[in-house]
Amino acid sequence: MPYICPICQNPLMLHQASKGYYCSKKHHFDLAKEGYLNLLPAQYKKSKQPGDSRAMMRARRNFLEAGFYQPMAKALAGIINTHQTAPTEMHILDVGCGEGYYSRQIEAYSDDSKKLDLHGIDIAKNAILAAAKKQDNARFIVASTNNMPYADQYFDLLLRIYAPANDQEISRLLKPQGLLLIVTPGPRHLWQLKEFIYKEVKEHAVDAPLPEDFSLIESQRVSFKIQPDRDQRMALLQMTPFAWRANADVQNKIQHSHDLQIETDFILTLAVKKK
Ligand SMILES: C[S@@+](CC[C@H](N)C(=O)[O-])C[C@H]1O[C@@H](n2cnc3c(N)ncnc32)[C@H](O)[C@@H]1O
Ligand SMILES: [Zn+2]
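Notes on the structure in this doc start here. (Residues numbered from 1 in each chain as written. Chains lettered and ligands numbered in written order. Predicted model: local features only at pLDDT ≥ 70, side-chain atom pairs only at ≥ 80, totals over all residues. Heavy atoms only, no water.)

### With respect to the sheet that holds strand β2 (residues 20–22)
- What the three strands build is an open sheet, ordered β1-β2-β3; its pairing is antiparallel. The open sheet has two edge strands, β1 (13–15) and β3 (28–29), and neither has a second partner. (Pairing = 2+ DSSP bridges. Helix = DSSP H or I, 4+ residues; strand = E, 2+ residues; numbered from the N terminus.)

### Focus: the coordination of the zinc ion (ligand 2)
- On the protein side, the zinc ion (ligand 2) has Cys5 (SG), Cys8 (SG), Cys23 (SG) and His27 (ND1) as donor atoms, found 2.1 to 2.3 Å from it.
- Given four donor atoms and angles of 100 to 118 degrees at the metal, the environment of the zinc ion (ligand 2) is assigned as tetrahedral.
- Expressed as a motif, the donor residue spacing for the zinc ion (ligand 2) is C-x2-C-x14-C-x3-H.
- Residue Cys23 is classed as buried on the basis of its relative accessible area, which comes to 2%.
- His27 gets classed as partly exposed once you look at its relative accessible area, which sits at 22%. (Donors = N, O, S within 2.8 Å, 3.2 Å for Na, K, Ca; no water. Tetrahedral: all angles 85-135°; square planar, octahedral: opposite > 155°, others 65-115°. Buried < 20%, exposed > 50% of the residue type's maximum accessible area, 1.4 Å probe, protein only.)

### Quick word on the sheet that holds strand β9 (residues 174–185)
- With mixed pairing, the eight strands of this open sheet are ordered in space as β4-β7-β6-β5-β8-β9-β11-β10. Lying at the two open borders of the sheet, with one neighbouring strand each, are β4 (37–38) and β10 (214–226).
- In this sheet, β9 lies alongside strand β8 (residues 155–161) in parallel orientation, the contact comprising six bridges. Residue pairing in the sheet places Leu158 in a bridge with Leu180 of β9.

### Brief notes about the site of ligand 1
- Of all residues adjacent to ligand 1, which total 16 residues, the nearest are Arg60, Gly96, Asp122, Thr145 and Ile161.
- Thr145 places a main-chain nitrogen or oxygen 2.8 Å from a nitrogen atom of ligand 1.
- About the coverage of ligand 1: the protein hides 85% of its 600 Å² of free accessible area.
- Looking at the shell around ligand 1, its residues break down into eight nonpolar, five polar and three charged. (Near = heavy atom within 4 Å. Polar contact = N/O pair within 3.5 Å; in protein donor to acceptor, adjacent residues only side chain to side chain. Areas by Shrake-Rupley, 256 points an atom, 1.4 Å probe, with all protein chains shown as cover. Nonpolar A, V, L, I, M, F, W, Y, C, P; charged D, E, K, R; others polar.)

### Focus on the layout of surface pockets
- By volume, the largest pocket is sized at about 1100 Å³.
- As for the largest pocket, its lining consists of 48 residues, and the residues nearest its centre are Arg60, Ile161, Tyr162, Ala163 and Met239.
- Residue assignment for the lining of the largest pocket shows that the elements contributing at least two residues are α1 (54–65), α3 (101–109), β9 and α7 (230–239).
- Counting residues per element, the lining of the largest pocket draws most heavily on α1, at six residues.
- A class-by-class count of the residues in the lining of the largest pocket yields 25 nonpolar, eleven polar and twelve charged.
- For the second largest pocket, the calculated volume is near 290 Å³.
- In this structure, the second largest pocket is lined by 20 residues; those nearest its centre are Leu40, Tyr44, Ser144, Asn146 and Asn147.
- Class assignment of the residues belonging to the lining of the second largest pocket gives a composition of twelve nonpolar, five polar and three charged. (1 Å grid on protein atoms, 1.4 Å probe; cavity = no way out; pocket = protein on both sides within 12 Å on 5 of 7 lines; lining within 4 Å. Points joined across faces, edges and corners; volume = space filled by probe spheres on them.)

### A closer look at the packing of helix α2 (residues 70–82) against α3
- Packing of α2 against α3 leaves a shortest axis separation of 9 Å and a crossing angle of 60 degrees. By the criterion of interaxial angle, the relationship of α2 to α3 is oblique. Regarding α2 and α3, the two cross each other, and that crossing is right-handed. Contacts from Gln70, Met72, Ala73, Lys74, Leu76, Ala77, Ile80 and Asn81 of α2 reach α3 at Tyr101, Tyr102, Gln105, Ile106 and Tyr109.
- Residue classes in the contact of α2 with α3 are distributed as nine nonpolar, three polar and one charged. (Axes fitted to C-alpha atoms, helices over the stretch in contact; angles between N-to-C directions. Parallel < 35°, antiparallel > 145°, perpendicular 65-115°, else oblique. Left-handed = near helix turned anticlockwise from the far one by under 90°. Contact = heavy atoms within 4.5 Å.)

### Some remarks on the environment of Pro209
- Here Pro209 shows up in the loop between α6 (191–197) and β10.
- By relative accessible area, which is 69% here, Pro209 ends up exposed.
- Here the alpha-carbon distance between Pro209 and Cys5, two residues 204 residues apart in the chain, equals 30 Å.

Next up, the structure:
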């Protein structure tokens, strides 16, 4: 079983009749009708609606579903295909999965999707609900990435795309020789959008810091140009950490500039757990 109880850390078992999960101490968690599991007990919630707001989720959903980041998703799936652990099932977890866009892409581009056991975790319940509705062949839970209620060494690969994570938890969840695939922005990511906001745009440092007990296998740079329409540009802006710097005047300029092409730039870092 992949899950452990978020209250007492004992294994969670499936109760076939009720489709719920319970531990030996009788803590009980229902499976929602959409198929996801809420493993974030109310007493552990720091706010009423933790995680990204509905507006941020809507913006990200509209932008991603329009396919603008598809080449990056395809590259991710390519890396996973190369490392698929045939002939056994490959257990994969998308940490901070949001609405599960990348999980669906990985299934769609997989060479052998029947051998994938896909999981996603996010603290935003609405995002997990949407993810579960859209992908029957994946299992999603609501929980914090600081305290991931999965059994030790359950996963072969962990995916972290623009999401917060805890190094110790990442290491605990991976098998020895397990893989960590991280996506971070490359030096020219969204350059033309930043030009509206900063007086002088600077190139970012490229390295994704790896947790201590991991070593680098490969680092791949994926960059391409996109041309989102006016509404999609605003959605993209909302997805960025610099959105708050864009005042009404800047937003207006971004919205009304003609034929704006924007560079994307991603660094895909693949590392392996040493022990
Ligand atoms: C920038 S989004 C990235 C989502 C997705 N990986 C993507 O690239 O589209 C960050 C995600 O992390 C989630 N998140 C933030 N803090 C979290 C935490 N402590 N535990 C779990 N998820 C968290 C948010 O709800 C959000 O869905
Ligand atoms: Zn328990």
